[in-house]
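# Structural overview
Here's the letter readout for the chains.
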Amino acid sequence: MRLYTVHLKDSPEGPAGDAGGPGAADSDQPAFELVKDGFCWPAFFLPFVWAIWRGQWTGLLLYVICILAISTLTVMAEPGEPVEIALGLGLALVVGFSANDWRRWRLRHGGYRAIGAVAAADADDAALRVLAALGAGDDRKSGSLPPAEQAGPPAIPGWGDAGARA
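A brief look at the structure comes next. Note that the coordinates shown come from a computational prediction; the quantities given were computed from them, not determined experimentally.

Tallied over the full model, the rule gives five salt bridges. For the salt bridge of Arg-113 with Asp-10, the shortest nitrogen-to-oxygen distance reads 2.8 Å. Of this pair, Arg-113 sits in strand β3 (residues 112–120) while Asp-10 is found in the loop between β1 (2–9) and β2 (32–36), placing the two residues 103 residues apart along the sequence. On the accessibility criterion, Arg-113 (24% relative accessible area) is partly exposed. Linking Arg-103 and Glu-33 is a salt bridge whose minimum nitrogen-to-oxygen distance equals 2.8 Å.

Okay, here's the thing in structure tokens:
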């Protein structure tokens, strides 16, 4: 089982029935995002592609700066090939371990809020659990989200709830 954090898109305030309100069909962004907890293999192997795919422009800029700094230092100091490989591998490991945290940070600053975590076999199963919980007890159209001011962490089997464990 993998652990995913669930980030719900805060809807803009507006009158009821406003096209930009909750459950708007013309939204170009999903209502929630799932971010896997742990190491990010795509960011480890293909950091440029991963950063562009996920819209991680700050991370891409920092990665390029680090690559340029490592290249400059290795040209100036001439430490040898093993040191250059170790520095490159070290940077790749930092990116792999930090990539999902960078994505959570971008979501938080992009109008999403973390509402909990869900344990599931894969991202599709996690999404189905979240959709089932968000649609449970809601008499509107299936799959529509509750208003942001009323939306709390729904009761989903596998959700990480620190209060329930204490």
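Structure shown, so let's carry the discussion forward.
So, on to the packing of helix α2 (residues 47–54) against helix α4 (residues 81–109). Taken N-terminus to C-terminus, the directions of α2 and α4 make an angle of 10 degrees; their axes are 12 Å apart at the nearest point. Relative to α4, α2 is oriented roughly parallel. For the pair α2 and α4, the contacting residues are Pro-47, Trp-50 and Arg-54 in the first and Val-95, Ala-99, Trp-102, Arg-103 and Arg-106 in the second. Taken together, the residues of the contact of α2 with α4 sort by class into five nonpolar, no polar and three charged.

Here we take up helix α3 (residues 57–77). Taking 1.5 Å per residue, 21 residues should reach 30 Å; α3 reaches 30 Å between its end C-alpha atoms and fits that length. Residues of α3 that are buried: Gly-59, Leu-60, Tyr-63 and Thr-74. Along the axis of α3, the buried positions cluster into a sector of 100 degrees, meaning they face one direction only. When the buried face of α3 is taken as reference, the exposed residues oriented beyond 90 degrees from it are Trp-57, Thr-58, Leu-61, Leu-68, Leu-73, Val-75 and Met-76. For α3, the secondary structure elements touched by its buried residues are α2 and α4. Looking one or two places after α3, you find Glu-78, whose phi comes out positive at around 45 degrees.

The next point concerns the sheet that holds β2. On the basis of which strands lie adjacent, the open sheet formed by three strands has the order β2-β1-β3 and antiparallel pairing. Strands at the two margins of the open sheet, each flanked by one partner only, are β2 and β3. The mean angle between the axes of side-by-side strands here comes to 25 degrees, regardless of whether they run parallel or antiparallel. Bridge analysis of β1 against β3 gives eight bridges, and the strand direction is antiparallel. Bridging across to β3, Thr-5 finds its partner in Ala-117. With respect to the sheet, α4 is in contact with β1, β2 and β3, its orientation differing from that of β2 by roughly 160 degrees.

Attention now moves to the packing of aromatic side chains. All told, the structure shown has seven aromatic pairs when counted by the stated rule. Ring geometry for Phe-39 versus Trp-41: centroids 4.6 Å apart, planes at 65 degrees, classification edge-to-face. Judged by relative accessible area, which is 47%, Trp-41 ranks as partly exposed. Between Trp-41 and Phe-44, the aromatic rings sit 5.9 Å apart at their centres with planes inclined by 85 degrees, giving edge-to-face as the arrangement. Here the residue Trp-41 and the residue Phe-44 both occupy positions in helix α1 (residues 41–45), the gap between them amounting to three residues, near one helical turn. For Phe-44, a relative accessible area of 15% gives the class buried. Put simply, the rings of Phe-39, Trp-41, Phe-44, Phe-45 and Phe-97 touch in pairs and so form one group of aromatic residues.

Definitions and limits used
Residues numbered from 1 in each chain as written. Predicted model: local features only at pLDDT ≥ 70, side-chain atom pairs only at ≥ 80, totals over all residues. Heavy atoms only, no water. Salt bridge = Lys/Arg side-chain N within 4 Å of Asp/Glu carboxyl O. Helix = DSSP H or I, 4+ residues; strand = E, 2+ residues; numbered from the N terminus. Buried < 20%, exposed > 50% of the residue type's maximum accessible area, 1.4 Å probe, protein only. Axes fitted to C-alpha atoms, helices over the stretch in contact; angles between N-to-C directions. Parallel < 35°, antiparallel > 145°, perpendicular 65-115°, else oblique. Contact = heavy atoms within 4.5 Å. Nonpolar A, V, L, I, M, F, W, Y, C, P; charged D, E, K, R; others polar. Expected span 1.5 Å × (residues − 1). Arc of directions from axis to C-beta. Pairing = 2+ DSSP bridges. Phe/Tyr/Trp six-rings, centres within 6.5 Å; stacked < 30°, edge-to-face > 60°.

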